[in-house]
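Reading the structure
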Amino acid sequence: MRPAILVVLRRIGAELVLFALLGSVYVFVIRPAQLHWGATPEEVVRPMPEDGIVAHPAFDATRAITIHATPEQIWPWLVQMGFRRAGFYGYDLIENAGSGTGIRSASSILPQFQYPQAGDPLPLSVAGSLTFGAIKPNSFVVWRSWEEPALGVFIWELVPIDASHTRLISRIRWSYLPDAWGKVLGVFTEFSDHVAVRKILEGVRDRVEGRAPDSLALEAVAIAGWLLASFEFCSAAIAVVSMRRWQVAWLFALGAGALLQFTLYSSAPVWVCAPLPWLYLAWMVRAWRKRRPNPARSSVTRCEW
């Protein structure tokens, strides 16, 4: 076999190993923890309103958070959520973009969104929407897809613990469409939902308990860190198949992929996660430069020879 073909095969094999390593970490470590973030084993298996309308979901997640408030105090914040409504209290720069009602999610109760009815539309973004399902004030609200039978359901339930504490439980059950758009939506949901729902739950809690939400500047810093880590990983992965020193690029890609997973899915604060991709970029540039051959030194060596 020709040496050039062997090199190509080695690089392809290295790429496969890279994605297998990072994929294994996601599938066996990150995904199980994120699917049940904050939820107890009892909450994961407990039945919730309308969760049976999606019989065999490809994506099934139950998350929860404790809020220092009664269900009656939480309900107005919960029921008004939605695109072009009160927002989602999460990453506003992403979730509210194009809403026409402002980037910021609501910081107060909005009376016009307090009384939705089953069957009312529930916009999620400029590209898609759901519809309200079953609603029981101060107890639960269900969002479901338009199809019959439904392909997806989002359930938000309030379960009191004592006189002053309540569990907010979120469950998402979703089956993906077989067409191209359905597959794109499935991939997007798979990797982004863990980040979004955790932030939404924290956003509801903070507003109910009177905490100020994160500033848009802090959101921008976090998002910039994700984008930079993604760029570093993609660039290094491409370099594995396109550059001469592909072994070094492979190591850079492995580190960047692990860093991307950490910044997206860890519970570390923004001030820890956001600087890491920039520090990694500086280290990659410095390491790459140190490994570059010195032209002056090479010419001296050739003269000596």
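Up top is the structure these notes are about.
Residues numbered from 1 in each chain as written. Predicted model: local features only at pLDDT ≥ 70, side-chain atom pairs only at ≥ 80, totals over all residues. Heavy atoms only, no water.

**With respect to the overall build of the chain**
Stated precisely, the cut-off is as follows: Helix and strand assignments come from DSSP, with helices taken as H or I runs of at least 4 residues and strands as E runs of at least 2, each series counted from the N terminus. Burial classes follow relative accessibility: with a 1.4 Å probe on protein chains only, a residue under 20% of its type's maximum area counts as buried, one over 50% as exposed, and anything between as partly exposed. When checking whether two residues touch, look at their non-hydrogen atoms; a contact exists if any pair is within 4.5 Å.
The helix and strand tally for the chain stands at ten helices and six strands. Dimensions of the chain along its principal axes, counting C-alpha atoms only, are 85 × 40 × 40 Å. Sorting the 305 residues of the chain into buried and exposed places 44% on the buried side. Here the analysis covers contacts within the chain between residues at least 6 apart in sequence; of these, 67% occur between residues at least 24 apart.

**A word on a nonpolar patch on the surface**
Short version of the rule: Here the term patch refers to residues with relative accessible area over 30% and no salt bridge, with like charges joined within 9 Å and nonpolar side chains (Val, Leu, Ile, Met, Phe, Trp, Tyr) within 5 Å. We get accessible surface area from the Shrake-Rupley algorithm with a probe of 1.4 Å; when it comes to residues, only the shown protein chains can shield them. Here a salt bridge means any side-chain nitrogen of Lys or Arg lying within 4 Å of a carboxyl oxygen belonging to Asp or Glu.
On the surface, a nonpolar cluster with roughly 520 Å² of combined accessible area is contributed by Ile5, Leu6, Val8, Leu9, Ile12 and Leu16. With respect to the element layout, Leu9 can be found in helix α1 (residues 3-35).

**So, the nonpolar core**
Rules: For our purposes a nonpolar core is just a set of buried Ala, Val, Leu, Ile, Met, Phe, Trp, Tyr and Cys residues, chained together by side-chain atoms within 4.5 Å.
Residues Ile67, Leu78, Met81, Trp143, Trp156, Leu168 and Val204 are the most contacted members of the largest nonpolar core, which totals 36 residues. Those elements giving two or more residues to this core turn out to be β1 (59-67), α3 (71-79), β3 (129-136), β4 (140-144), β5 (152-160), β6 (166-174) and α5 (180-208). Setting aside residues no more than four positions away along its own chain, Leu78 makes contact with Val141, Trp156, Leu158 and Leu168. Core analysis: the next-biggest nonpolar cluster, separate from the first, contains 20 residues, Phe233, Val240, Met284 and Ala287 among them.

**Some points on the pattern of salt bridges**
Enumeration over the complete set of coordinates arrives at 14 salt bridges. Where Glu190 meets Arg31, a salt bridge forms, and the shortest distance between an N and an O atom there is 2.6 Å. Of the two residues, Glu190 is situated in helix α5 and Arg31 in helix α1; the sequence distance between them amounts to 159 residues. According to the relative accessible area criterion, Glu190 is buried, its value standing at 12%. One salt bridge in this structure joins Glu219 and Arg104, with 3.9 Å as the shortest N-O distance.

**Quick notes on the packing of α3 against α5**
Our working definition: Note on geometry: axes are C-alpha line fits, over the in-contact stretch for helices, and angles between N-to-C directions span 0 to 180 degrees. Here the angle decides the label: under 35 degrees means roughly parallel, over 145 means roughly antiparallel, 65 to 115 means roughly perpendicular, and every other value means oblique. Each crossing is labelled by how the near helix is turned from the far one, with a counterclockwise turn of less than a right angle marking it left-handed and a clockwise turn marking it right-handed.
One can describe the packing of α3 onto α5 by two numbers: an axis separation of 10 Å at closest approach and a directional angle of 125°. Classified by the angle their axes make, α3 and α5 are oblique. Note on packing geometry: the crossing formed by α3 with α5 is right-handed. On α5, the residues touching Gln73, Ile74 and Trp77 of α3 are Val204, Arg207 and Val208.

**Some words on the pairing of β6**
Condition: Paired strands, as defined in this entry, are two strands with at least two bridges between them according to DSSP.
The buried count for β6 comes to nine of nine residues, which makes it a mostly enclosed element. Side-chain alternation along β6 places Thr166, Leu168, Ser170, Ile172 and Trp174 on one buried face and Arg167, Ile169, Arg171 and Arg173 on a second face that is also buried. For β1 and β6, the ladder comprises nine bridges, and the chain directions are antiparallel. Bridge assignment links Ile67 to a residue of β6, and that residue is Thr166.

**Examining the packing of aromatic side chains**
Under the convention used in this document: Any two rings among Phe, Tyr and Trp, with Trp reduced to its six-membered ring, count as a pair given centres within 6.5 Å; such a pair is stacked if its planes are under 30 degrees apart, edge-to-face if over 60, and tilted if neither.
For the coordinates displayed, the defined rule picks out eleven aromatic pairs. Relative to Trp174, the ring of Phe154 has its centre 5.3 Å away and its plane inclined at 80°; by these criteria the two rings are edge-to-face. A residue pair is termed long-range when its members are at least 10 positions apart, and Phe154 in strand β5 and Trp174 in strand β6 qualify at 20 residues. Accessibility classification places Phe154 together with Trp174 in one group, the buried group. Seen from their ring centres, Tyr280 and Trp283 are 5.6 Å apart, and the 35° between their planes marks the pair as tilted.

**Re the sheet that holds strand β2 (residues 121-123)**
Taken in spatial order, the six strands make up an open sheet running β1-β6-β5-β4-β3-β2, and their pairing is antiparallel. The sheet is open, and its two borders are formed by β1 and β2, each paired with just one other strand. Geometrically, the sheet is characterised by an average inter-axis angle of 25° between neighbouring strands, direction not taken into account. Note: β4 against β5, five bridges, orientation antiparallel.

**Points about α3**
In terms of burial, α3 is largely enclosed, as seven of its nine residues are buried. Turning to α3, its buried residues are Pro71, Ile74, Trp75, Pro76, Trp77, Leu78 and Val79. Next to the buried residues of α3 lie β1, β3, β4, β5, β6 and α5.

**As for unusual backbone geometry**
A cis amide bond links Glu148 with the next residue in sequence, Pro149, at an omega value of -5°. Inspection of the secondary structure puts Pro149 in the loop between β4 and β5. A positive phi angle, close to 65°, is found at Tyr89, a residue other than glycine. You can see Tyr89 is positioned in the loop between α3 and α4 (92-95). On the basis of relative accessibility, which here comes to 3%, the residue Tyr89 falls in the buried class. For Asn138, which is not glycine, the phi torsion reads 65° and is therefore positive. Relative to the helices and strands, Asn138 is located in the loop between β3 and β4.

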